[in-house]
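One-letter residues, chain by chain:
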Amino acid sequence: MRADARRNHHRLLSEARTAFAEHGTDTSLEDVARRAGVGIGTLYRHFPTRHALLSAVFEDAVSDLLTRSHDLLDAPQPCTALVEWLRAIITHAGEYRGLAHALMSASRDDSSALARCSRPMREAGTELLERAQSSGAVREGVSIDDLLQLTNAIALAAEQSPDDPELADRLLTLTLRGLKAEPGGRAGQSPSGD
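The structure presented is a predicted model; accordingly, all values stated were derived computationally and were not measured. (Residues numbered from 1 in each chain as written. Predicted model: local features only at pLDDT ≥ 70, side-chain atom pairs only at ≥ 80, totals over all residues. Heavy atoms only, no water.)

Student: Quick question: what am I supposed to make of the nonpolar core here?
Tutor: Side chains of a nonpolar character, in soluble globular proteins, are inclined to be buried together. By size, the foremost hydrophobic cluster in this structure holds 53 residues, and its most contacted members are Phe20, Leu53, Val57, Leu82, Trp85 and Leu86. Of all the elements, helix 4 (residues 50-72) adds the most residues to this core, at 10 residues. Sequence-distant contacts of Val57, defined by excluding residues within four places in its chain, comprise Leu13, Ala16, Arg17, Phe20 and Tyr96. (Core = buried A, V, L, I, M, F, W, Y, C linked by side-chain atoms within 4.5 Å. Buried < 20%, exposed > 50% of the residue type's maximum accessible area, 1.4 Å probe, protein only. Helix = DSSP H or I, 4+ residues; strand = E, 2+ residues; numbered from the N terminus. Contact = heavy atoms within 4.5 Å.)

Student: Any chance you could explain helix 2 (residues 29-36) here in plain terms?
Tutor: An α-helical turn contains 3.6 residues, so a residue and the one three or four places further along point in the same direction. For helix 2, the complete set of buried residues consists of Leu29, Asp31, Val32, Ala33 and Ala36. Residues of helix 2 that are buried sit in contact with helix 1 (3-23), helix 3 (40-46) and helix 4. The positive-phi residue at the C-terminal boundary of helix 2 is Gly37, with phi of around 80 degrees.

Student: What am I meant to see in a negative patch on the surface here?
Tutor: On the surface, Glu123, Glu127, Glu130 and Glu140 cluster together into a patch of negative charge. In this fold, Glu127 is placed in helix 7 (residues 115-134). (Patch = residues over 30% accessible without salt bridge, like charges linked within 9 Å, V, L, I, M, F, W, Y side chains within 5 Å. Areas by Shrake-Rupley, 256 points an atom, 1.4 Å probe, with all protein chains shown as cover. Salt bridge = Lys/Arg side-chain N within 4 Å of Asp/Glu carboxyl O. Lys, Arg positive; Asp, Glu negative; His and termini not counted. Charge placed at Lys NZ, Arg CZ, Asp CG, Glu CD.)

Student: What should I look at first to understand the packing of helix 8 (residues 144-160) against helix 9 (residues 167-177) in this one?
Tutor: The angle between the axes and the distance between the axes are what describe a pair of packed helices. Where helix 8 meets helix 9, the closest approach of the two axes is 9 Å, and the angle between their N-to-C directions is 150 degrees. The pairing of helix 8 with helix 9 is recorded here as roughly antiparallel in orientation. For the crossing formed where helix 8 meets helix 9, the hand is right-handed. For the pair formed by helix 8 and helix 9, the contact residues are Leu150, Ile154, Ala157 and Ala158 on the first element and Leu167, Ala168, Leu171, Leu172 and Thr175 on the second. Among the residues forming the contact of helix 8 with helix 9, the class breakdown is 8 nonpolar, 1 polar and no charged. (Axes fitted to C-alpha atoms, helices over the stretch in contact; angles between N-to-C directions. Parallel < 35°, antiparallel > 145°, perpendicular 65-115°, else oblique. Left-handed = near helix turned anticlockwise from the far one by under 90°. Nonpolar A, V, L, I, M, F, W, Y, C, P; charged D, E, K, R; others polar.)

Student: Mind showing me how you'd approach the confidence of the model for the protein chain here?
Tutor: The predicted coordinates of low-pLDDT regions are not to be read in fine detail. Confidence in the prediction for the protein chain averages 84 pLDDT; 85% of positions are at 70 or higher. Across the protein chain, element-level confidence peaks in helix 3 with a mean pLDDT of 96 and bottoms out in helix 6 (residues 99-106) with 71. For the stretch residues 185-194, pLDDT sits under 50, and the model shows 7 contacts to residues farther than four places along the chain or on other chains. (pLDDT = per-residue confidence, 0-100.)

Structural data, given as C-alpha cells:
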C-alpha cells in the first residue's frame, strides 16, 4: 500500500471503531468515510462490504481473545477456563452495539468477511470445550458453534437491556448449568430420567 492509502486505511479503521462504539455497527458507512476525511468510494476500495470493515475493526480484539484462549489451555480447571473465555467474548461483543447480531448472522456464512474472525474463534473455543469435556465437567454433545451462538445471544440480550448490567452474567450462569455433566445420571436428563 502506498503511504496515502495506508493513512486512509488507518483513519477509516480508527473512525469506524469510534462510530461503531458510539452508534452501533449499523452506523452509516458514509458517516465513517466523512469522519475519516475520505469519500465513500475510498472506503469501499479498502473495505468492499460492511462485514469486511467489521472484521478489520475487530481483528485486534479477536487476537486478544485468541491469546487468552491459549493461555487458558493450561488452567487447572478446564470448565472454569471455558467459562472465563466465554465471559470475555460477551464483554468484547458488548463494546459495540450490534456486534453480537452481526456475528450471529455471519456465523454460518463462511463467505462472509467476518468468517476470518469466527473461524479462529471456533477453533480456539473447540480446544477449551474439548478439554472441559475430557475432564468430565461439560457433557458430551455440546458444540462450540452452539456455545458461540448462545454467547452472542446473551450479549445481544444484554445490549437490549442496558439498565441491567448483571443480565449477561446471570444468563451465562443459567446457560452453563445446562452444560455440566450430571453426576450419577445421563447427560442432559434430569435425575428422574425426563
